[in-house]
Amino acid sequence: MTVPDSAEDSAPRRLSEPRDGLPAVIDRIQPLLEWCEAAAAAPEEPVAVDVERASSYRYSARAYLIQLRTRAAGTALIDPLPFTVPDTLRRTLQGRQWVLHAATQDLPSLAELDLHPDELFDTELAARLLGMERVSLGAVVEDTQQLVLAKEHSAADWSKRPLPESWLTYAALDVEVLVEVRDVLAARLEEQGKSRWAREEFEHLRTRPVPERPAEPWRSVRGIGALRSPKQMAAARAMWERRDEIARHEDLSPHLIIKDRSIVAAAKAATLGKAAFDAALPPQLRRKDTWWKAARSGLDLPAGHLPRRAQAVYPPPHKLWPKKHPEVWERYLPLREAVGELADELHLPTENLITPSLLRQWVWEHAHAEDEDAVRDQLRALGARPWQAELVAPVLVRTPLIAED
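Definitions and cut-offs
- Residues numbered from 1 in each chain as written.
- Predicted model: local features only at pLDDT ≥ 70, side-chain atom pairs only at ≥ 80, totals over all residues.
- Heavy atoms only, no water.
- Buried < 20%, exposed > 50% of the residue type's maximum accessible area, 1.4 Å probe, protein only.
- Helix = DSSP H or I, 4+ residues; strand = E, 2+ residues; numbered from the N terminus.
- Pairing = 2+ DSSP bridges.
- Patch = residues over 30% accessible without salt bridge, like charges linked within 9 Å, V, L, I, M, F, W, Y side chains within 5 Å.
- Areas by Shrake-Rupley, 256 points an atom, 1.4 Å probe, with all protein chains shown as cover.
- Salt bridge = Lys/Arg side-chain N within 4 Å of Asp/Glu carboxyl O.
- Lys, Arg positive; Asp, Glu negative; His and termini not counted.
- Charge placed at Lys NZ, Arg CZ, Asp CG, Glu CD.

### Description of the pairing of strand β3 (residues 47-52)
Turning to step 1, where the next piece is worked out: The element β3 is largely enclosed, with a buried count of 6 among its 6 residues.
Turning to step 2, where the next piece is worked out: Every second residue of β3 is oriented toward a common face, with Val47, Val49 and Val51 on one face and Ala48, Asp50 and Glu52 on the other, all of them buried.
Turning to step 3, where the next piece is worked out: Pairing of β3 with strand β6 (residues 97-100) involves 2 bridges; the strand directions are parallel. Across the sheet, the residue bridging to Ala48 is Val99, located in β6.

Shown next as structure tokens:
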């Protein structure tokens, strides 16, 4: 690994290879136990963690490669497919701080393997709280370490076996300096008085439950709003269900089978007959009869089994407020502006100070702001972390809820 002579170097240098050389992929229990033994020699050390998935190619979001690194044990590239993750690894990782970048992407895959952090540090979230303009891993490494991190294989099919050496090098470098990045960001958070904010955010990420599967996941098809009739929606629902069945069985990303826009276009034409339906599908699409059969199963449903309008969301979409709820819109505008000004003063994105949806729900539910203690409790009840509620509540209290003429 090439390391700058000092942090004063103005030109970042490329991080091209792991400092200890590229480790062999661990696809057997014994090498993994040896790594665990080495890591256990320094149980207080944080562990850098990363996961490579194949979500653009496969149905599941399972981990196809797990990267771990501690100073004592070095880097481990673990292929979790050939064996069951042993309890020894779980015990080795217990009690440590896990350092990840964009933890929300990796924690669900790790949870599927019953791997859960006891403490978390998210370098992407830390960078957001520090107001850094760019928060990708490459940008944060360059800012904190003066190193350029290659990102050529971020969208690769990590289910491929064997994995090419260049991919493995990329994977190893993702955790190569992650702990060092944490050290710099943690110092900056302390300097800016944001350490408590970060701890509360990290704990929120660590403990928040896995989102439940929607009751009607087919409604997430992009462009579904273009379908107006119940029969068209029934055709789209049946096509989505068939796609999901095929994707699950063949372990393929649903969009590799048929794209959302093709489902919508075909469902829209389905009521006009098979010829129109086929013409709406991409010419190269296979299994056209399969999709027509699925669409017909939806079209032929009795009226009582056709999809109903989607349940109204709560609160109503804020885009409708100016026309349908002008009094709420008038309350919302000055509060949104005031919260944005506070975020600018604190040098962090507004959405990290308080999520827009949470602010909108508070405005929808409260025509008047009470005292700060009450507003803090209200924000906490809606999901704001303590630090967010403490900072935002005074703004909501002192800002007039009704815009002046």
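Additional details are given in the paragraphs that follow.
### Re the pairing of strand β4 (residues 65-70)
Turning to step 1, where the next piece is worked out: Counting buried residues in β4 gives 6 out of 6 residues, a clear majority hidden from the surface.
Turning to step 2, where the next piece is worked out: Side chains of β4 alternate between two faces, with Leu65, Gln67 and Arg69 and Ile66, Leu68 and Thr70 buried alike.
Turning to step 3, where the next piece is worked out: Relative to β4, β3 is paired through 5 bridges, and the arrangement is antiparallel. Across the sheet, residue Ala48 finds its bridge partner in β4, namely Arg69.
Turning to step 4, where the next piece is worked out: As paired elements, β4 and strand β5 (residues 74-78) share 5 bridges and run antiparallel to each other. The residue bridging Gln67 from the neighbouring strand is Leu77, located in β5.
Turning to step 5, where the next piece is worked out: Counted between consecutive antiparallel strands, the loop separating β4 from β5 contains 3 residues.

### Topic: a negative patch on the surface
Turning to step 1, where the next piece is worked out: Judged by side-chain charge, Glu337, Glu341, Asp344 and Glu345 come together as a negatively charged surface patch.
Turning to step 2, where the next piece is worked out: Examined against the element boundaries, Glu337 turns out to sit in helix α15 (residues 326-346).
Turning to step 3, where the next piece is worked out: Here Glu337 falls in the exposed class, since its relative accessible area comes to 53%.

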